[in-house]
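Listed below are the residues making up each chain.
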Amino acid sequence: MLDLRYVADNLDAVSENLKKRGNALDLGEAAKLSQERRRTIGETEALKAQKNTVSSEIARLKREKLDALSLIEEMKAVADKIKVLDARLAEIEEQLAEIMYSIPNLLDASVPFGKDSDDNPEVRRSPIAPREFSFLPEAHWDIGERLKILSPSEGAKITGARFTVYRGFGARLERALINFMLDTHTQNGYTEVFPPFMVNRDSMYGTGQLPKFEEDMFAISGTDYFLVPTAEVPVTNLHRGDILNEADLTIKYCAYTACFRAEAGSAGRDTRGLIRQHQFNKVELVKFARPEDSLAELESLTRDAEGILEALKLPYRVVTLCSGDVGFSSAKTYDLEVYMPSYQRYVEISSCSTFTDFQARRANIRYRDSSGKVKLLHTLNGSGLAVGRTVAAILENYQNADGTVSVPEVLQKYMGTDTIR
RNA sequence: GGAGAGAUGGCAGAGUUCGGUUGAAUGCGCUCGACUCGAAAUCGAGUGAGCUGGGGACAGCUCCGUGGGUUCAAAUCCCACUUUCUCCGCCA
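Now for a look at the structure at hand. Since this is a predicted model, take the numbers as computed values, not measurements.

Criteria and cut-off values
Residues numbered from 1 in each chain as written. Chains lettered and ligands numbered in written order. Predicted model: local features only at pLDDT ≥ 70, side-chain atom pairs only at ≥ 80, totals over all residues. Heavy atoms only, no water. Near = heavy atom within 4 Å. Polar contact = N/O pair within 3.5 Å; in protein donor to acceptor, adjacent residues only side chain to side chain. Helix = DSSP H or I, 4+ residues; strand = E, 2+ residues; numbered from the N terminus. Buried < 20%, exposed > 50% of the residue type's maximum accessible area, 1.4 Å probe, protein only. Lys, Arg positive; Asp, Glu negative; His and termini not counted. Salt bridge = Lys/Arg side-chain N within 4 Å of Asp/Glu carboxyl O. Contact = heavy atoms within 4.5 Å. Axes fitted to C-alpha atoms, helices over the stretch in contact; angles between N-to-C directions. Parallel < 35°, antiparallel > 145°, perpendicular 65-115°, else oblique. Left-handed = near helix turned anticlockwise from the far one by under 90°. Nonpolar A, V, L, I, M, F, W, Y, C, P; charged D, E, K, R; others polar. Pairing = 2+ DSSP bridges. Core = buried A, V, L, I, M, F, W, Y, C linked by side-chain atoms within 4.5 Å. Phe/Tyr/Trp six-rings, centres within 6.5 Å; stacked < 30°, edge-to-face > 60°. Lys NZ or Arg CZ within 6 Å of the ring centre and 35° of its normal.

Section: the protein's contact with RNA strand B
Every one of the 23 residues lining RNA strand B counts as a neighbour, but Arg5, Arg38, Glu45, Asn52 and Lys76 are closest to it. Within 4 Å of the protein, the contacting atoms of RNA strand B are drawn from sugar and phosphate to the extent of 66%. In this structure, a base nitrogen belonging to RNA strand B sits 3.2 Å away from a main-chain N or O atom of serine 55. Measuring from a phosphate oxygen of RNA strand B, one finds a side-chain N or O atom of lysine 76 at 3.3 Å. Within the residue set of the surface near RNA strand B, elements represented by two or more residues are helix 3 (28–63), helix 4 (69–102) and strand 13 (366–368).

Notes on the side chain of glutamate 396
Topologically, glutamate 396 is positioned in helix 12 (residues 387–397). No salt bridge is formed by the buried glutamate 396, whose closest oppositely charged neighbour, arginine 131, lies at an N-O distance of 10 Å. If we ignore the near neighbours within four places in the chain, the residues touching glutamate 396 are Phe133, Glu138, Ala139, His140, Ile143, Met340, Pro341 and Ser342.

Re the side chain of serine 126
In this fold, serine 126 is placed in the loop between strand 1 (122–125) and helix 5 (140–146). In this structure serine 126 comes out as buried when scored by relative accessible area, which is 10%. For serine 126, the side chain forms a polar contact with the main-chain oxygen of isoleucine 128, separated by 2.7 Å. Once residues lying within four places of it in the same chain are set aside, the contact partners of serine 126 are Leu314, Pro315 and Tyr316.

A closer look at the packing of helix 7 (residues 168–187) against helix 12
Relative orientation of the contacting elements helix 7 and helix 12 amounts to 115°, with a least axis distance of 10 Å. Judged on the interaxial angle alone, helix 12 and helix 7 are roughly perpendicular. Like other packed secondary-structure pairs, helix 7 and helix 12 cross with a definite hand, here right-handed. Across the interface between the two elements, Leu173, Glu174, Leu177, Ile178 and Met181 of helix 7 pack against Val387, Gly388, Thr390, Val391, Ile394 and Leu395 of helix 12. Grouping the amino acids of the contact of helix 7 with helix 12 by side-chain chemistry returns 8 nonpolar, 2 polar and 1 charged.

Quick look at the environment of lysine 76
Looking at the secondary structure, you find lysine 76 in helix 4. Accessibility expressed as a relative area gives 49% for lysine 76, which makes it partly exposed.

Looking at the sheet that holds strand 13
Here 3 strands make up an open sheet; going across it, the order is 7-13-14 and the pairing mixed. The open sheet has two free edges, formed respectively by strand 7 (243–245) and strand 14 (374–376), since each of these has just one partner strand. Taken pair by pair, the neighbouring strands of this sheet meet at an average axis angle of 40°, ignoring direction. By the bridge criterion, 3 bridges tie strand 7 to strand 13 in an arrangement that is parallel. Bridge pairing in strand 13 links isoleucine 243 to arginine 366.

Here's the deal with the nonpolar core
Counting 56 residues, the largest nonpolar core has Leu173, Leu177 and Leu411 as the members making the most contacts within it. Per-element accounting of this core gives the leading share, 7 residues, to helix 7. Residue contacts for leucine 177: discarding those within four places in its chain leaves Leu312, Val387, Thr390, Val391, Ile394 and Leu411. One finds Leu2, Leu4, Val7 and Phe358 within the second-largest nonpolar core, a separate group that totals 16 residues.

Considerations on the packing of aromatic side chains
Each aromatic ring pair is described using two quantities: the centre-to-centre distance and the angle formed by the ring planes. Here the structure, examined in full by the defined rule, presents 10 aromatic pairs. For the pair tyrosine 101 and tyrosine 205, a centre-to-centre distance of 5.2 Å together with 65° between the ring planes defines the contact as edge-to-face. You can see tyrosine 101 sitting in helix 4 and its partner tyrosine 205 sitting in helix 8 (residues 201–206), a full 104 residues away along the chain. Three or more aromatic residues link up through ring pairs in this structure, and these residues are Phe194, Phe197 and Tyr256. Here lysine 252 stacks its cationic end above the ring of tyrosine 190, 4.7 Å away from the centre of that ring.

Here we look at the pattern of salt bridges
In a structure, side chains of opposite charge can pair up when their charged atoms sit close to one another. Counted by the stated rule, this structure contains 28 salt bridges. Glutamate 73 is the partner of lysine 76 in a salt bridge, and the nearest nitrogen-oxygen pair spans 3.5 Å. Taken together, the positions of lysine 76 and glutamate 73, both in helix 4 and 3 residues apart, correspond to about one turn of that helix. Since its relative accessible area comes to 44%, glutamate 73 is described here as partly exposed. Salt-bridge contacts for arginine 317 lead to glutamate 122; the nearest nitrogen and oxygen are separated by 3.0 Å.

A short note on the packing of helix 3 against helix 4
How two helices sit against one another is set out by the angle between their axes and by the gap between those axes. Remark: helix 3 packs on helix 4, axes separated minimally by 9 Å, with the N-to-C direction vectors making an angle of 155°. Our classification of the angle between helix 3 and helix 4 gives roughly antiparallel. Both helix 3 and helix 4 take part in a crossing whose hand is left-handed. When its residues are assigned to classes, the contact of helix 3 with helix 4 shows 17 nonpolar, 5 polar and 13 charged.

Structure representation (structure tokens):
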């Protein structure tokens, strides 16, 4: 959520910035409501001040056993007026909230202009280039079925489409990656967190999944809980409502969770393999930073995520999301894309963003600076990494002519083998 | 799932019986100052957040788990919910 005051005072600059995302928004209504809100607050507060003064006068009269009846009668009318104005104010604030919740974050000045993912400029590439195969490489879904380590049909049988059962070394590889990633990140100063896989509505609002993206979420019927679409939600909300100490910033967390996404609107896309599942595993990095550190922290967070791909010796590249491709809550995003031979292109495996104070304002996450002032902080997060896609990338990039798959060196101790056959 | 007891400021903890001078006693913590060569102890002063108005000093409003209600007036009364603890039941 943006700062209402800032929006109302800088209508042109804000709509100019939002226009780069490709969706024109009319902020006039918000500005109008904001004015009406302030005016109504002024009116009610004057009445409330009067009521408070007279009420203590009534208290005094009562104590002195004097007659207060006429004042009480008078205040009845004032109380009624206040009730009406308060109801009107609640109405205004509800409308205002609806508008404010629907406005995306302002883009950082460094975000390049562009229409969609085709316009995302490349920042850098891994030292390792995509491999030249001396044989016809298989897609990971074919490798998975042939080696009997991935079973989409069993997933479909016990649950449905876009669910996969991992078996044997497939299951072991998934687990090895989770452990390897967490081990690496904790060594880099991230505190490991293992949160619930379900969160309440307030948490979903806090990080911006609600109210706009409810149809992408799985809700638990009979409760007001949602399955987490990413660990970002529970981990960021760890500090919802908190005032943190500046000395404790930057706070760095890493967390493994399963992630659940309805993938509404993705029918027909990536139907084979592990790329787009309703349930997948992910290790997430989350930071709480001072505003002045946020861009630098985004760089280091991106590097930390890249470290996993580097250690796994996978070919990848980093792109900056252009203005038309940046997510709703983000001010700036780097995507890490791993080369996927089956797609013959780079495929997103991590998304690293700074949300500036957008989530912090919604979730009310603040810190006290050295002068004692309370300020909103900045939240950041990035995948480090999406585990299922990493399995897919390893299977495809490490496949051998004889049909086996080599195990990346750093994973061998976790796997207990150097080859999946 | 059943019964009972709680939820108050950074923490501990009064106040809730009998609604009014309580944004909230007291203690601890923290900040600044005094004392000291320095520190501890001691003494003094200060120490929540948000919103509205104002250039500012400041003034007003709101907040005692959350949301409603009663009342001129609610931390205090009523209702619902959430959550913590204790006991019972059930259970990996």
